[in-house]
Structures are given as C-alpha cells and as structure tokens.
Amino acid sequence: MWMPRLRGFKQLDLDSEESDHCKRCFSLGPTPLRRSRVVLVLVLTVVVVLLLGSLILRNDNPPNAQFLDGLDVGRRCWTDETLYEPLRSLHGHTWPAPSVSARTAVLVRTSQHDEFTPDLVLHLRSILADSDENTATFLVVHVEGDEAAQTEWIRKTVPSEFQNIVMTFNTEILRSRYPTFESVPVHNHVVNVLFADKFPQFDFMWIMEADVRLIGKWKTFLGASMEYAIKEAKGLPDLVSFDKICVTEPDWWWRENCAPHWPLEETSHGLLVLAGWSRKLMDAMRDSMVRGVNCYFEAFPPTIARHNGLSTVYVPHPIYYYEEQHLDYRCVTQDKTQGVSGGTFQYQDYGAVRYYRELRKEGKCRKTALLHPIKGYNVGDLN
C-alpha cells in the first residue's frame, strides 16, 4: 500500500502570496489625527480585501493529524506546470493491465456519458503514474449494452492509453447478481461489491468518482491517509472517509430510503466520492444485500460498518473557503460535533472549481488539496 514515512506536524498558515501588502503609503499631512485615520482606513481596506479575496483554511485537524506533514501541506504549493507538465509528456504512452499480484486496488468510477476531456486524461495519468507493483488501478465504467457493445464502446471512446485498465458493467448484470439493486444513482456501492467479488485478491480498495481531483501526489496523499487510518483503527481500517460520517437527521434527503431497515438514529451517512473500502466491508455489504437489506449509497456502507463492528475512520484534510463556512444542519457526527458545509470538498461546488481554475488557468500556486466536484461542464477549457 502507499505508506510513506511521516515527519512532524506543523500548524498550517495561509498562502503568503494571497496577502495584499501596502508597498507605498503616502502621507496626507503631519497631524497625528490625520495619520491615525489614514492608518485605520488602510487597515480596514486590507482586512476587507483579505476577507473577500483570500482563502480560509478550516482548522479542524486534531492534534494527532501528523499525516498532514507528509503531504507537504504548509511548506509547498503546486502550479499547473509542476503538477501536470510531466504528465503531458506521457502522450502516446500505453498503460499496462493492472497487476495481478497487487493487494490494493484503485478504482476510478465513470460512465459512458462522461467525456474524456484533456483534464480527465491528466487526472487519470496522475493516478497511474503514482501506482507501483503493489497497487492495481482500474477505470470502472457504466456502459449499457451487451458485452460486444461494451467492447466496441471501449475501442471507439476510451483513449488507447487507458484501454488496458477498463472494466465495464451494465444495469442488467447488477440486477441479476444483486436483486435489491435499483439504479446506479441510488445504489452506487453495488458496483464496488461487484468489483470485489470479481477480484477476490484485493484486501483493500480506494474508490473515487471521476470528478475528484487532487492538487498534489496521489501516492503521498493516499499513503499518508492510510497510515493515519491504521493508527486510528488499530488494524486495517474498514471504511476510510474524507468527509465526516454523520448520524442521520430527520430532515436528511434520503432518510426514508433506509428507514425500512434501521431506525433513524442507527443510520449513518457521508460523502463517499473518495473512500477506502476493506474486503470485510465489501463482504458484509454483499451479505446484507443477499438478505434483502439495501439502501442509499451514502448511508449503506457506513451503516453496515456500524452494525457489524467494523472500523470507520475520518481522515481530516485541508479544506478551503472563499466565504464564511456554515454549520450543516443535516449532519451531526457520532461524537456530537456539528458538520460544516461549503468549501473545496463538498457534494456541490462551493469553491472547488475556483480553486482548481486558479491553478490551471490563472497560474497561481496552490497548496495540496482534495477537490470535489470538478466536472467537464463546470470548469470549461482548462488546456
């Protein structure tokens, strides 16, 4: 697995280049009162500029979050050139089929309706370039039609460099194997169980949606996250989340979907657009579905883990805000802390696209950050 050596933790600071400095100040007269008014105006102006134009770092990392130092957070920032230029030179490269001896898998989930934009190509290269012999990377794509139609879609649509790593599935196979399956938007996790059943050699799987981006190195980020999760779980973790796992509140949108199986207070949910899944969790989900128990994909995995004595770990990571953060009334964690909405890693775009565009289009240097959602239609032409 990706598990680099860690170093000491340093408290994070705002990017120095984000601050506006007064390069020259003009005297408006010698009187102390006038000078004090000028200073006050300047101070207030700087404060307003900082509040409106700079990023606010959520400081919710616990004191033992030493893994952050392994991400170079607070000591390094990335530009489009340093992050993506080495990957552009890989044009024409063909990635080999996933390693059969690996014990850890990385799955990137997408569908036949998603375009392989230049930005998505760079994203996939960034993951593959960080893989080693202990990690197998797959592109898992929802493609309707029979096997021949899926094969033809791969040939015509998937860039040749990625065709060796593609695994396709359709609605028919999910419904035939798992009768409780309704649809991918509702039961997204069933695809992950299908993968785990098809490839029993993997003990652990990192699974992400195609609209997740990382400003940084995947090998470093996932390795440090795994080491942190292992320390927290005191054994291989079963569910690693980058969003706080919430106890379901009465006004949560999908509460009724799980109500036939568990009382509201015994249901958990979280944003699992990037998460780590153990073999034990996959087996427990499959066993529950065989018994006829299934519900919405943001709730089913953490609730199954909760009711089967499996470990769930939230990995804290830097989240940036362009406006004041707000308490998320839909989310209260199991330790009774209130969730926070907004920021660069959320279910809707509250700053992720702006942060990413500043890196890709505006030439700004940005610190390591996990971003969601970054979709082709909302970032425009980044290349």
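As the structure is a computational prediction, the values presented were derived from the model and not from experiment.

Basis of the calculations
Residues numbered from 1 in each chain as written. Predicted model: local features only at pLDDT ≥ 70, side-chain atom pairs only at ≥ 80, totals over all residues. Heavy atoms only, no water. Helix = DSSP H or I, 4+ residues; strand = E, 2+ residues; numbered from the N terminus. Buried < 20%, exposed > 50% of the residue type's maximum accessible area, 1.4 Å probe, protein only. Contact = heavy atoms within 4.5 Å. Areas by Shrake-Rupley, 256 points an atom, 1.4 Å probe, with all protein chains shown as cover. pLDDT = per-residue confidence, 0-100. Disulfide = S-S within 2.5 Å. Axes fitted to C-alpha atoms, helices over the stretch in contact; angles between N-to-C directions. Parallel < 35°, antiparallel > 145°, perpendicular 65-115°, else oblique. Pairing = 2+ DSSP bridges. Left-handed = near helix turned anticlockwise from the far one by under 90°. Nonpolar A, V, L, I, M, F, W, Y, C, P; charged D, E, K, R; others polar.

**Describing the overall build of the protein chain**
- Regarding its fold elements, the protein chain presents twelve helices and 17 strands.
- Taking all 383 residues of the protein chain together, the buried fraction comes to 52%.
- Put simply, 79% of the contacts in the protein chain that link residues at least 6 apart link residues at least 24 apart.
- With an accessible surface of roughly 18,100 Å², the protein chain has 54% of that area assigned to carbon and sulfur atoms.

**Description of the confidence of the model for the protein chain**
- When the pLDDT values of the protein chain are averaged, the result is 80; 73% of them are 70 or greater.
- Here residues 1–32 scores under 50 on pLDDT; set against residues more than four positions off or in separate chains, the count is 72 contacts.
- Scored below 50 in pLDDT, residues 45–54 shows 13 contacts in the model against residues more than four places distant or in partner chains.

**Some details on the state of the cysteines**
- Inspection of the entire model under this criterion finds two disulfides.
- Each sulfur of the disulfide joining Cys77 and Cys365 lies 1.8 Å from the other. What sets the handedness of the Cys77 and Cys365 disulfide is the S-S torsion sign, and at about 95 degrees it is right-handed. Taken together, the residues span a long stretch of sequence, with Cys77 in strand E2 (residues 77–78) and Cys365 in the loop between helix H11 (352–360) and strand E16 (366–367) at a distance of 288 residues.
- Cys77 gets classed as partly exposed once you look at its relative accessible area, which sits at 26%.
- Across a sulfur-sulfur distance of 2.2 Å, Cys258 and Cys295 are joined as a disulfide pair.

**Description of the packing of helix H9 (residues 279–290) against helix H10 (residues 300–307)**
- The interhelical angle for the contact between H9 and H10, taken along N-to-C directions, is 95 degrees, at an axis separation of 10 Å. Here H10 runs roughly perpendicular to H9, going by the angle between their axes. Every residue of H10 that contacts H9 at Leu281, Ala284, Met285, Ser288 and Met289 is listed here: Phe300, Pro301, Ile304 and Ala305.

**Quick look at the sheet that holds strand E11 (residues 274–278)**
- Spatially, seven strands are ordered E5-E4-E3-E6-E11-E8-E12 in an open sheet, and the strand pairing comes out mixed. The sheet terminates laterally at strand E5 (166–169) and strand E12 (312–314), the two strands that pair on one side only. Recorded for the sheet is a direction-independent mean angle of 20 degrees between the axes of neighbouring strands.
- In the sheet, strand E8 (residues 239–241) pairs with E12 via three bridges, with the strands oriented parallel. Bridged to Ser241 within E12 is Tyr314.
- Its contacts with the sheet place H9 against strand E6 (204–209), E8 and E11, and it is angled at close to 85 degrees to E11.

**Quick notes on the packing of helix H6 (residues 189–198) against H9**
- With their axes 10 Å apart at the nearest point, H6 and H9 run at an angle of 115 degrees to one another. When the interaxial angle is binned, H6 and H9 end up roughly perpendicular. H9 is crossed by H6, and the crossing has left-handed handedness. Facing His189, Val190, Asn192, Val193, Ala196 and Asp197 of H6, the residues of H9 in contact are Arg279, Met282, Met285, Arg286 and Met289.
- Residues that form the contact of H6 with H9 fall into these classes: six nonpolar, two polar and three charged.

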